[in-house]
Amino acid sequence: MNALEVEGLEKSFGGVKAVDGISFVVEEGKTVGIIGPNGAGKTTVFNLITGFYRVDRGRILFYGKNITRTQPYKLPHLGIARTFQNLRLFSNLSVFENVLSAILKKDGYNVVSSVFRTADYFMKEGKAEKKARELIEFFQLSGKENYPANNLPYGEQRRLEIARALALQPKILLVDEPGAGMNPREVQDLLQTLREVKERFSLSIVIIEHQMGLVMNISDKVVVMDFGEKIMEGTPGEVKKDKRVIEAYLGEEFI
Amino acid sequence: MNFFWEARKVILLSVLIYLSVKAIFFFGYVSQYIEQITLYALIVILASLGLNVIYGYTGQFSLGHAAFYGIGAYVSAYLTKIFSIENIFAYIPILFISGAAAGLIGYLIGIPILRLRDDFLAIATLGFGTLVRVLLDNSDKFSEVFGGSRGFVGIPRLTTFELAFVIVIFLILITHNLIYSRYGLFWRCIKNDELASASIGINTFSMKLMAFTYGCFLAGIGGALYANLYTFLHPSNFDILKSIDFLIIVIVGGMGSIAGTIYAGLIWVGFIEGLRIVLPAEVVDLRWVFIPLLLIALMMWKPYGLMTKSRN
Ligand SMILES: Nc1ncnc2c1ncn2[C@@H]1O[C@H](COP(=O)(O)OP(=O)(O)O)[C@@H](O)[C@H]1O
Ligand SMILES: [Mg+2]
């Protein structure tokens, strides 16, 4: 079963083709890495899948359902969650509220329950709070529940953003450069966390990385992009040896 | 019902405040004028709370809040006058109709303008406020009763301390319950980051519309209580300056703080009216020199308002 199918995706910005006919498939339960030099169009692919940019041409299928040009807020309900390259936490909200908001979005109560504090309100709030604590613990943020999100060190903010995405109980998780700005130790931690996430939450993952190291370790398959195009696709082993990939990365700090 | 059980502390406190204020009034420690101001403060708190939901919690800057306050006032003035309402139980439905009218217009105007971003939203709400002011100035062309620029006269006096107090406490409780529910949380998410909000599945447009409609509803009820307190309305009571009063109260009290709005509303009304009593007649207008200076000092001392902890 394919969780995600992207077919001939195209997107231009003022005449510049940022994404030029990208196609790939994410099988259910697998992890796919997208790599490529800066400006290759990786983030744009995510923004197209998640509806933040309007697709010029091409199709996106999620479990066979056409989701091309769906509004962003509808996608989490279908089972698609994402993180952002430049971290988008609710920075003045607490760590706890960052996670809680996603859980209560997924499994909430109505306005009448809010206003009159019905049994449903207490039940759902209780469940959500319990779940939020579990997630926070899993991402090793226990004890920091009440910190404003922007008071966390960078690496922990990255983890919190992934926790918030997972709070939506997605079928697929799209993570954009989770290792950016982290030191090697933090990257190793993150790698370990992502492996555990995959096991525990049994989901498909698409992970963008600029540096190849992180992706190679956890991906079942790697898609390589350059100048908006897919220049190759294969297992991490195949990709590492490919001449086109090495060329694309020439002049970059590679592998 | 859980509503009352959850709110028991606030209700108890309210009863105590009510009895104290009532005793002060009863034993004649204060003049009629002070009684009127106390009622007015409750009204201002309610309308400001509406703006706090819109701006303080949801981050939607509005320069037209007084227009919704005015809509509530004129609707209530009109209905209570043409139906010659004297009974408080006939008045309560009219109060809510007036609030609903302001809420409905807020909803309709919100559909186009809440898609705009910060500074455009400020211009659009300012424009709407001006539009309403012009309509009120010319309202006598629709019906003589409205009085146009001469003002709306002869409104039945129906706002009592009891009524205003119960309504305001009840609406504060409802607002509190909304704020401390998933809806309030989503509003705060939107204020922090709209894109991130969408990424967790929040329909940001409909949540903003909900906050705006509800905030306008509160302003409308406030306006209605105002109309039936002072028995006279003039379009100039509902212009941009009044909108700015509400903004100041929200900012001074602390964006996103219910208690802050209550304190700031009391201080604001107490201060402006208090100076009117204290200052000799010749210099009363100097209030508008003191007040801005005080605001500047306050904002330097507590830039995030009285009740909000400073961010570090
Ligand atoms: N919103 C936008 N407006 C204009 N150009 C954009 C926008 N988003 C991305 N681009 C352009 O698209 C190209 C691909 O960018 P991006 O997808 O961010 O690359 P990557 O994530 O691989 O580094 C770049 O040339 C970038 O400048
Ligand atoms: Mg990128």
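Read on for a plain summary of the structure.

Quick notes on the rules
- Just so you know, the residues in each chain are numbered from 1, in the order the chain's sequence is written.
- For this description, chains carry letters from A and ligands carry numbers from 1, given in the order in which they are written.
- Per-residue local features of the predicted model are confined to residues with pLDDT of at least 70, and side-chain atom pairs are confined, for both listing and counting, to 80 or more; whole-chain, interface and lining totals are unaffected and use all residues.
- As a convention, hydrogens and water are excluded, and side-chain values are obtained from all of the structure's heavy atoms.
- Put simply, a nonpolar core is a bunch of buried Ala, Val, Leu, Ile, Met, Phe, Trp, Tyr and Cys residues held in one set by side-chain atoms that sit within 4.5 Å of each other.
- Buried residues are those whose accessible area, probed at 1.4 Å on protein chains only, stays under 20% of the maximum for their type, while exposed residues exceed 50% and partly exposed ones sit between those limits.
- Source of the domain bounds: an automatic or database domain assignment.
- Should any heavy atoms of two residues lie within 4.5 Å, those residues are counted as being in contact.
- Think of it this way: one heavy atom of a residue within 4 Å of a molecule or strand is enough to make that residue near it.
- Each accessible area value is a Shrake-Rupley result obtained with a 1.4 Å probe; residue values ignore everything except the protein chains displayed when judging cover.
- For the purposes of this entry, the term helix denotes a DSSP run of H or I that reaches at least four residues, the term strand denotes a run of E that reaches at least two, and both are numbered from the N terminus.
- Ring pairs are drawn from Phe, Tyr and Trp, using the six-membered ring of Trp, whenever the two centres fall within 6.5 Å, and their geometry is named by plane angle: stacked under 30 degrees, edge-to-face over 60, tilted for the rest.
- Charge-over-ring contacts are defined here by two conditions on Lys NZ or Arg CZ: a distance within 6 Å of the ring centre and an angle within 35 degrees of the ring normal.
- In what follows, salt bridge is the name for a side-chain nitrogen of Lys or Arg lying within 4 Å of a carboxyl oxygen of Asp or Glu.
- Water is absent from the atoms considered, so a metal site may look incomplete; donors are defined as N, O and S atoms within 2.8 Å of the metal, or 3.2 Å for Na, K and Ca.
- Here a strand pair is declared whenever DSSP counts at least two bridges between the two strands.
- What counts as an axis is a line fitted to C-alpha atoms, over the stretch in contact for a helix, and the angles between N-to-C directions run from 0 to 180 degrees.
- By buried area we mean the combined loss of accessible area, with a 1.4 Å probe, across both parts when two parts are placed together.
- Pairs of N or O atoms are called polar contacts if they sit within 3.5 Å, as long as, within protein, a hydrogen donor faces a hydrogen acceptor (for residues adjacent in sequence, only side-chain-to-side-chain pairs).
- Just so you know the grouping, Ala, Val, Leu, Ile, Met, Phe, Trp, Tyr, Cys and Pro go in nonpolar, Asp, Glu, Lys and Arg go in charged, and all remaining residues, Gly too, go in polar.

### So, the nonpolar core
Part 1 of the argument: Of all hydrophobic cores here, the largest spans 143 residues; its most connected members are Val99(A), Phe139(A), Tyr69(B), Leu225(B) and Leu233(B).
Part 2 of the argument: Residues from two domains meet in this core; each of domain 1 (1-30) and domain 2 (37-240) of chain B gives at least three.
Part 3 of the argument: Leu233(B) has contacts with Ala73(B), Tyr74(B), Ala77(B), Gly151(B), Phe152(B), Ile155(B), Tyr226(B), Ala227(B) and Phe238(B), leaving out every residue within four places of it along the chain.
Part 4 of the argument: Judged by nonpolar contacts, the second largest core, of 26 residues, contains Ala40(A), Ile60(A), Leu75(A) and Ile80(A).

### As for the site of ligand 1
Residues and elements named next belong to chain A.
Part 1 of the argument: By nearness alone, every residue bordering ligand 1 is listed as Phe13, Ala18, Pro37, Asn38, Gly39, Ala40, Gly41, Lys42, Thr43, Thr44 and Tyr53.
Part 2 of the argument: Within the complex, the protein chains bury 62% of what would otherwise be the 560 Å² of accessible surface of ligand 1.
Part 3 of the argument: Among the elements that line the shell around ligand 1, the one with the most residues is helix α1 (residues 42-49), at three residues.

### Here we look at the packing of aromatic side chains
The geometry of an aromatic ring pair comes down to the distance between the two centres and the angle between the two planes.
Residues and elements named next belong to chain B.
Part 1 of the argument: Under the criterion given, the structure shown has 33 aromatic pairs over all chains.
Part 2 of the argument: Here Phe25 and Phe161 contribute two aromatic rings whose centre-to-centre distance is 5.5 Å and whose plane-to-plane angle is 65 degrees, an arrangement assigned as edge-to-face. Linking Phe25 in helix α2 (residues 8-26) with Phe161 in helix α7 (residues 161-179), this pair joins segments that are 136 residues apart in sequence. Residue Phe25 shares its accessibility class with Phe161, and that shared class is buried.
Part 3 of the argument: Positioned above the aromatic ring of Tyr183 is the side chain of Arg182, whose terminal nitrogen or guanidinium carbon lies 5.3 Å from the ring centre.

### Describing helix α8 (residues 182-192) of chain B
Part 1 of the argument: Most of α8(B) is tucked away: eight of the 11 residues are buried.
Part 2 of the argument: For α8(B), the set of buried residues is Arg182(B), Tyr183(B), Gly184(B), Leu185(B), Phe186(B), Trp187(B), Cys189(B) and Ile190(B).

### Comments concerning the pattern of salt bridges
Part 1 of the argument: Taken as a whole, this structure holds 25 salt bridges over all chains when the rule is applied.
Part 2 of the argument: As a salt-bridge pair, Lys22(B) and Glu162(B) come within 2.8 Å of each other at their nearest N and O atoms. Pair noted here: Lys22(B) is in helix α2 and Glu162(B) is in helix α7, with a separation of 140 residues, a long-range link.
Part 3 of the argument: Exposure remark for Lys22(B): the relative accessible area of 30% places this residue in the partly exposed category.
Part 4 of the argument: Through salt bridges that share partners, Glu10(A), Lys17(A), Asp20(A) and Arg57(A) make up one connected network.

### So, the coordination of the magnesium ion (ligand 2)
Residues and elements named next belong to chain A.
Part 1 of the argument: Each protein donor to the magnesium ion (ligand 2) is listed here as Thr43 (OG1) and Gln85 (OE1); together their distances run 2.0 to 2.1 Å. Placement of the pair is Thr43 in helix α1 and Gln85 in the loop between β6 (80-82) and α3 (95-106), with a sequence separation of 42 residues.
Part 2 of the argument: Among the residues examined, Thr43 registers a relative accessible area of 24% and is labelled partly exposed.
Part 3 of the argument: Taking relative accessible area as the criterion, Gln85 reaches 25% and is therefore assigned partly exposed.

### Points about the sheet that holds strand β9 (residues 221-226) of chain A
All names here are of chain A.
Part 1 of the argument: Pairing in this open sheet of six strands is mixed, and the strands run β6-β7-β8-β3-β9-β10 from one edge to the other. Lying at the two open borders of the sheet, with one neighbouring strand each, are β6 and β10 (229-234). On average, each strand axis in the sheet is inclined to that of its neighbour by 15 degrees, with strand direction left out of account.

### Section: the interface of chain A and chain B
Part 1 of the argument: On the side of chain B, 30 residues touch chain A, which itself brings 35 residues to the contact.
Part 2 of the argument: Note on chain A versus chain B: buried area summed over both sides is about 2900 Å², and carbon and sulfur give 61% of it.
Part 3 of the argument: If you look at where chain A meets chain B, you find two salt bridges.
Part 4 of the argument: Between Asp193(B) and Arg88(A) there is a salt bridge, with its nearest N and O atoms 2.9 Å apart.
Part 5 of the argument: Joining chain A to chain B, the criterion identifies 16 residue pairs in polar contact (both at pLDDT 80 or more).
Part 6 of the argument: If you tally residues by element for the side of chain A that touches chain B, the top one is α3(A), at six residues.
Part 7 of the argument: Broken down by class, the residue content of the side of chain A that touches chain B amounts to 19 nonpolar, nine polar and seven charged.

All quantities given are derived from atomic positions and should not be read as evidence of function.
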